[in-house]
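This is what each chain is made of:
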Amino acid sequence: MADMMWAGRFSKQVDDAVNAFNSSIAFDGCMYKYDILGSIAHATMLGN
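This text gives an overview of the structure that appears in the document. (Residues numbered from 1 in each chain as written. Predicted model: local features only at pLDDT ≥ 70, side-chain atom pairs only at ≥ 80, totals over all residues. Heavy atoms only, no water.)

### Digging into the overall build of the protein
Alright, step 1. Counting its regular elements, the protein contains 2 helices and 0 strands.
Alright, step 2. Burial statistics for the protein: of 48 residues in total, 4% are counted as buried.
Alright, step 3. A total accessible area of about 4500 Å² is found for the protein, and carbon and sulfur atoms account for 63% of it. (Helix = DSSP H or I, 4+ residues; strand = E, 2+ residues; numbered from the N terminus. Buried < 20%, exposed > 50% of the residue type's maximum accessible area, 1.4 Å probe, protein only. Areas by Shrake-Rupley, 256 points an atom, 1.4 Å probe, with all protein chains shown as cover.)

### Some thoughts on a nonpolar patch on the surface
Alright, step 1. Together, Phe 27, Met 31, Tyr 32, Tyr 34, Ile 36, Leu 37 and Ile 40 give the surface a local cluster of nonpolar side chains, amounting to about 770 Å² of exposed area.
Alright, step 2. Tracing the sequence through the fold places Tyr 34 in helix 2 (residues 25–47). (Patch = residues over 30% accessible without salt bridge, like charges linked within 9 Å, V, L, I, M, F, W, Y side chains within 5 Å. Salt bridge = Lys/Arg side-chain N within 4 Å of Asp/Glu carboxyl O.)

### Things to note about helix 2
Alright, step 1. An ideal rise of 1.5 Å per residue puts 33 Å on 23 residues; helix 2 measures up with 31 Å between its terminal C-alpha atoms.
Alright, step 2. Met 31 marks where helix 2 bends most, by close to 55 degrees. (Expected span 1.5 Å × (residues − 1). Bend = angle between axes of the 7 residues up to and from the residue.)

Below you can see the structure in the form of structure tokens.
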């Protein structure tokens, strides 16, 4: 847990469900460009 950015902020260990939820952050960093392009395409479609 020491390598997590919030290590030391909490007196209890972070629940495994929280760690699982946050584990997609690295993947999200790879996908953000496509997410933005998809949002632009959707907004363009709505504008027509």
